[in-house]
2 protein chains.
Amino acid sequence: MPQLGLLHGRAWTVFLGQLRRPPGAVCIRAVRSHSQGQKYLQVAEALFASQLKPQEKSNFIIKTPKGTRDLSPQQMVVREKILNVVVSCFKRHGAKGLDTPAFELKEILTEKYGEDSGLIYDLKDQGGELLSLRYDLTVPFARYLAMNKVKKMKRYHVGKVWRRESPTIVQGRYREFYQCDFDIAGQFDPMIPDAECLKIMCEILSELHLGDFLIKVNDRRILDGIFAVCGVPESKFHAICSSVDKLDKISWKDVRHEMVVKKGLAPEVADRIGDYVQCHGGISLVEQMFQDPRLSQNKQALEGLGDLKLLFEYLTVFGVAEKVSFDLSLARGLDYYTGVIYEAVLLQTPVHAEEEPLNVGSVAAGGRYDGLVGMFDPRGHKVPCVGLSIGVERIFSIVEQRMKTFGEKIRTTETQVFVATPQKNFLQERLKLIAELWDAGIKAELMYKNNPKLLPQLQYCENMGIPLVVIIGEQELKEGVIKLRSVPSREEVAIKRENLVAEVQKRLSES
Amino acid sequence: MPQLGLLHGRAWTVFLGQLRRPPGAVCIRAVRSHSQGQKYLQVAEALFASQLKPQEKSNFIIKTPKGTRDLSPQQMVVREKILNVVVSCFKRHGAKGLDTPAFELKEILTEKYGEDSGLIYDLKDQGGELLSLRYDLTVPFARYLAMNKVKKMKRYHVGKVWRRESPTIVQGRYREFYQCDFDIAGQFDPMIPDAECLKIMCEILSELHLGDFLIKVNDRRILDGIFAVCGVPESKFHAICSSVDKLDKISWKDVRHEMVVKKGLAPEVADRIGDYVQCHGGISLVEQMFQDPRLSQNKQALEGLGDLKLLFEYLTVFGVAEKVSFDLSLARGLDYYTGVIYEAVLLQTPVHAEEEPLNVGSVAAGGRYDGLVGMFDPRGHKVPCVGLSIGVERIFSIVEQRMKTFGEKIRTTETQVFVATPQKNFLQERLKLIAELWDAGIKAELMYKNNPKLLPQLQYCENMGIPLVVIIGEQELKEGVIKLRSVPSREEVAIKRENLVAEVQKRLSES
């Protein structure tokens, strides 16, 4: 399994180049006067020009849409390594793959995301169905379960989602980003799947070597119970819950102010809430809340506390309880959660003394949503679900930052052998050799030139980290051999032409 | 490398179930009266109801958007195997990965696709930029090169693209589908990268065991030359080219009729075209065209023929020339091609006598587009490109069809070990055991029940193809052992509790 923390090298120059380049926007004149090229191009340009209104004929910007980006080959390598860790873990826990379309019928997404619904990208009405780009992978999963009447499923899904947020790209927040979700659907004995979800979060965050982390857990039923016993009118549960949700960003004083002044809560009610939501701790806090004279009178809260107690038991068996904190301020934004909720945050201590602390917020989150599938079912049949989502984009930012700091070297190709020649008129021989290598499954490249010079060919291998060079020239052709050169040691040996593939495979298996 | 033709088993029952199920649409009442569940659900439903106009409160259909589909776990496994073959081949040829956003600025896509531009999905104008979903991976690649001033790059890209076509799903045509592209950008000596592209197509189609195939090649310059020497007015080149493009679907008689009656070509001009575009053959046809008294007078055609001659030389060295046919009727729809074009078709002879012939059209295609990057460059600087796209969705249909016919068995999880118990009150022991396995990187599952019966646990392993079971009960706990059961042979042995991980790893490495 790739261990990102252990990558070596000096890739940071490459990365710096990639990352510090301004968004890469270039102006182009939509209609160029000096074009001479192919007819097709001219026709296309003429059509183009004819469609443009005069004021648009001037410059336009070549860029990616706001909040989106291309991933360069270097970034793709890092992304692939991270996704590998995540998907391997999901598979280790027995999950099946699933894929859903990038867009859904608009009404499938309607009223699933609370205040965030305005961030959904809609497609233009071009006749036919009204469509929206998916906002997460959870609602499509619930739709899939309901549509196919699946009552039980453990699945993972890695895919892009889209949200029209104000992009704050420094924090690794984009309008297009990957989500990696793992969910368990089905009616099971309490807290066993929930504990597995938390275990998975711990495994992934540990394997990615992101430094110390903490998983905050809470339960929607406990929050509701608190609001009830503190005297919040039921009509204000939602508003007050979203104030509580801000406690990771602003102080209790400010949250209290919002509750009282903006949301019209009685000051003494706010104070009672404050006593609760500022608490966090381990399993002992669960016990303490069980003893709480007010909260212990609330049925919902007791259910939530009972489940949390069981959850902590299982987490202790899994050996991860010390990574988990019962945090009464955790509320989570999405409407569909009904029970346990959780969120993993990186602790701010940098892993290495040289590193700048990086505020990345939560890197994984999830919870129980027992009602969502039922919203899609014609008879309202429920399929209880619990799941988690790994914030790979944020993790990606952190790993990039790390690699910049440590100058880790990344190979962007996997090429094993380069086929070179020191002489002119050896293209056909090189092509014959490389076809043999390809047909044997060996990763090989050559220069697309009839008569390349030897030095640039060898330099390319050094630059790209290609370990082996096969060299053919007049001498070799005459003697029925080829030269095999090790790029790191620069040693060369002649081997029989017919042993080429076997010898290369031997060398590659040894290294 | 997975060889799909060699998959065994009896998965076809599973597949039949998946595939023959009608599109899975279920009606749901948007607002259900008998809902009792969680408050959050009620609130969401109330909001939902308040937004719907009365007539919409009735039934709506739970389905995926027209022309799209979910991929079930079985389908995901097949897709992953196919993509593995394709991506491995791209990497074998030294390609780097690249990712671009799902949508582009609308103007980036404008006038790149000729008549097909109407099939582009636009996003709704929600303020800000006008965006469209990408229609292929080629235009985003050209945009990337121009935007980052990249002059040379060999990249692959696997990603979804979207086209508002009338879906004819039986043929594996969808509105959302994967493309797998490999492209070589840069100024190189002629036909070396082009020959590699054709070699790649041959490697992939061979490895996927899709049966016999043929790659048709032509050159846009030869087509233009033919039109010119036959006397087609230049203004009609495009229209006549698109008539020629239909020759793989309709007869020459019908194409000629269209040229003369619909497009107003003189009958003798059409006849002259007919003499050419009905020709196909190998390198000897290239030679023949060189000798053609009319065509040999046309500069563009001669350039094209010269390149094709060189191409066939390289393909002969690569050992794939017999898979390639010079076909003067090949025209390709997209506007941006400027030189060599090619398209791979499966030959209709079924691979196995039992199989139904399946018409799937082309399964891979590509060509040279030397002008596209220049359209995005502020100074019109060109970056010559050549590339190919593998039609994985069609390949996917064929492999599915094959698996149905042969009843090949697919595992949808990779679980290696199941942790079971025959007794009550062993949940904590099972959790402890499974955490050990997970932490050792072993893929393991258990039943999410406090007190499961043994038989369903063992049956689950049989159904899912899990090879090993770890069993813990009272007897084992007392003796400090666990039982290891082989699912295929049903043999059980007792091993020391502390040797669990080592023993499991040994067993797995042997199998």
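I will try to describe carefully the structure that is included in this document. (Residues numbered from 1 in each chain as written. Chains lettered and ligands numbered in written order. Predicted model: local features only at pLDDT ≥ 70, side-chain atom pairs only at ≥ 80, totals over all residues. Heavy atoms only, no water.)

The subject of this paragraph is the overall build of chain A. Helix and strand content of chain A: 18 helices and 18 strands. In chain A, 70% of the contacts between residues at least 6 apart in sequence involve partners at least 24 apart. Surface exposure of chain A reaches about 20,700 Å², of which carbon and sulfur atoms provide 51%. (Helix = DSSP H or I, 4+ residues; strand = E, 2+ residues; numbered from the N terminus. Contact = heavy atoms within 4.5 Å. Areas by Shrake-Rupley, 256 points an atom, 1.4 Å probe, with all protein chains shown as cover.)

Note: a rotation about an axis with an accompanying shift along it relates these two copies of the chain. Mapping chain A onto chain B calls for a rotation angle of 180° and an axial translation of 0.0 Å; the resulting RMSD is 0.0 Å. Such a turn and shift between the copies fits a two-fold axis. (Least-squares fit on C-alpha atoms with pLDDT ≥ 70 in both.)

The next subject is the interface of chain A and chain B. Counting residues at the interface gives 132 residues for chain A and 132 residues for chain B. When chain A packs against chain B, close to 11,600 Å² is buried across both sides, 60% of that on carbon and sulfur atoms. Taken together, chain A and chain B are joined by 18 salt bridges. Put simply, Lys199 of chain A and Asp439 of chain B hold a salt bridge, and the shortest N to O gap is 2.5 Å. Here the side of chain A that touches chain B is composed, by residue class, of 59 nonpolar, 29 polar and 44 charged. (Buried area = accessible area lost by both parts, 1.4 Å probe. Salt bridge = Lys/Arg side-chain N within 4 Å of Asp/Glu carboxyl O. Nonpolar A, V, L, I, M, F, W, Y, C, P; charged D, E, K, R; others polar.)

What follows is about the state of the cysteines. Following the criterion strictly, the structure yields zero disulfides over all chains and no others. In this structure Cys241 of chain A is a free cysteine whose sulfur lies 13 Å from that of Cys230 of chain A, the closest cysteine sulfur available. (Disulfide = S-S within 2.5 Å.)

Our focus in this paragraph is the environment of Phe396 of chain B. Residue and element names in this part refer to chain B. Examined against the element boundaries, Phe396 turns out to sit in helix α14 (residues 392-406). In this structure Phe396 comes out as buried when scored by relative accessible area, which is 3%. Spatially, the C-alpha atom of Phe396 lies 7.5 Å from that of Ile82, the residues being 314 residues apart in sequence. For Phe396, the residues in contact, after removing those within four places along its chain, are Arg69, Leu71, Gln75, Val78, Arg79 and Ile82. (Buried < 20%, exposed > 50% of the residue type's maximum accessible area, 1.4 Å probe, protein only.)

Moving on to the sheet that holds strand β15 (residues 444-446) of chain A. Residues and elements named next belong to chain A. In space, the five strands of this open sheet follow the order β15-β14-β16-β17-β18, with mixed pairing throughout. Two strands close off the open sheet at either side, each with one partner strand: β15 and β18 (492-496). Strand-to-strand twist of the sheet, defined as the mean angle between neighbouring strand axes without regard to direction, takes the value 30°. The pairing of strand β14 (residues 417-420) with strand β16 (residues 468-471) spans four bridges and is classified as parallel. When the sheet's bridge partners are listed, Val419 is paired in β16 with Val470. (Pairing = 2+ DSSP bridges. Axes fitted to C-alpha atoms, helices over the stretch in contact; angles between N-to-C directions.)

All names here are of chain A. One finds Phe90, Ile273 and Ile390 to be the most contacted residues of the largest nonpolar core, which totals 113 residues. Of the residues forming this core, the biggest block, 10 residues, is contributed by helix α3 (residues 73-92). The contacts of Phe90, once residues within four sequence positions are left out, are Ala95, Tyr156, Cys180, Asp181, Phe182, Ile200, Ile204, Leu388 and Ile390. (Core = buried A, V, L, I, M, F, W, Y, C linked by side-chain atoms within 4.5 Å.)

All names here are of chain A. In the Ramachandran plot, Glu111 falls in the positive-phi region, its phi being about 60° despite a non-glycine side chain. With respect to the element layout, Glu111 can be found in the loop between α4 (106-109) and β5 (131-133). Owing to a relative accessible area of 11%, Glu111 belongs among the buried residues under this scheme. For Arg490, which is not glycine, the phi torsion reads 65° and is therefore positive. With respect to the helices, strands and loops of the structure, Arg490 is situated in the loop between β17 (481-486) and β18.

On to helix α5 (residues 138-147) of chain A. Counted residue by residue, α5 of chain A has 10 buried out of 10 residues, so it is predominantly covered. Positive phi shows up at Lys149 of chain A, right after α5 of chain A, with a value of about 50°.

What follows covers the sheet that holds strand β13 (residues 385-390) of chain B. Residues and elements named next belong to chain B. Taken in spatial order, the nine strands of this open sheet run β3-β6-β7-β13-β12-β11-β8-β10-β9, and their pairing is mixed. Two strands lie at the open edges of the sheet, namely β3 (96-97) and β9 (280-281), each paired on one side alone. Summarising the sheet, strand β8 (residues 213-219) and strand β11 (residues 340-346) pair through seven bridges and their orientation is antiparallel. Across the sheet, the residue bridging to Ile215 is Ala344, located in β11. Of the strands in this sheet, β6 (153-162), β7 (176-185) and β13 touch helix α3 (residues 73-92), which is tilted by about 10° from β7. Lying over the sheet, helix α12 (residues 299-318) contacts β8, β10 (324-327) and β11, oriented at roughly 170° with respect to β10.

In this section: the packing of helix α9 (residues 252-262) of chain B against helix α10 (residues 267-277) of chain B. Residues and elements named next belong to chain B. Running from N to C, α9 and α10 point in directions that differ by 145°, and their axes come no closer than 10 Å. For α9 against α10, the interelement crossing comes out right-handed. Of the residues in α10, those in contact with Trp252, Arg256, Met259 and Val260 of α9 are Pro267, Ala270, Asp271, Ile273, Gly274 and Val277. For the contact of α9 with α10, the class distribution of residues is seven nonpolar, one polar and two charged. (Left-handed = near helix turned anticlockwise from the far one by under 90°.)

This paragraph deals with the packing of aromatic side chains. With the rule as written, the count across this model stands at 22 aromatic pairs over all chains. Aromatic side chains Tyr336 of chain A and Tyr337 of chain A sit 5.2 Å apart centroid to centroid with 65° between the ring planes, which places their arrangement in the edge-to-face category. Given the relative accessible area of 7%, Tyr336 of chain A is considered buried. Residue class for Tyr337 of chain A comes out buried when judged on its relative accessible area of 5%. What links up through ring pairs into an aromatic cluster is the set Tyr113, Tyr135, Tyr336, Tyr337 and Tyr369 of chain A. Taking the ring centre of Tyr135 of chain B as reference, the NZ or CZ of Arg163 of chain B above it sits at 4.1 Å. (Phe/Tyr/Trp six-rings, centres within 6.5 Å; stacked < 30°, edge-to-face > 60°. Lys NZ or Arg CZ within 6 Å of the ring centre and 35° of its normal.)

Taken as a whole and judged by the stated rule, the model has 77 salt bridges over all chains. For Glu258 of chain A, the salt bridge goes to Lys246 of chain A, with nearest N and O atoms at 3.1 Å. A residue pair is termed long-range when its members are at least 10 positions apart, and Glu258 of chain A in helix α9 (residues 252-262) and Lys246 of chain A in the loop between α8 (237-244) and α9 qualify at 12 residues. Looking at Glu258 of chain A, the relative accessible area reads 9%, which means it is buried. Here Glu207 of chain B ties to Arg92 of chain B by a salt bridge, and the two come within 3.0 Å at their closest N and O atoms.

Residues and elements named next belong to chain A. Taken across its seven residues, strand β12 (residues 362-368) has seven buried, putting it largely inside the fold. Here strand β11 (residues 340-346) runs beside β12; their pairing, made up of five bridges, is antiparallel. Note on β12: the bridge partner recorded for Glu343 is Ala365. The pairing of β12 with strand β13 (residues 385-390) spans five bridges and is antiparallel. Of the residues in β13, the one forming a bridge with Ala365 is Ser389.

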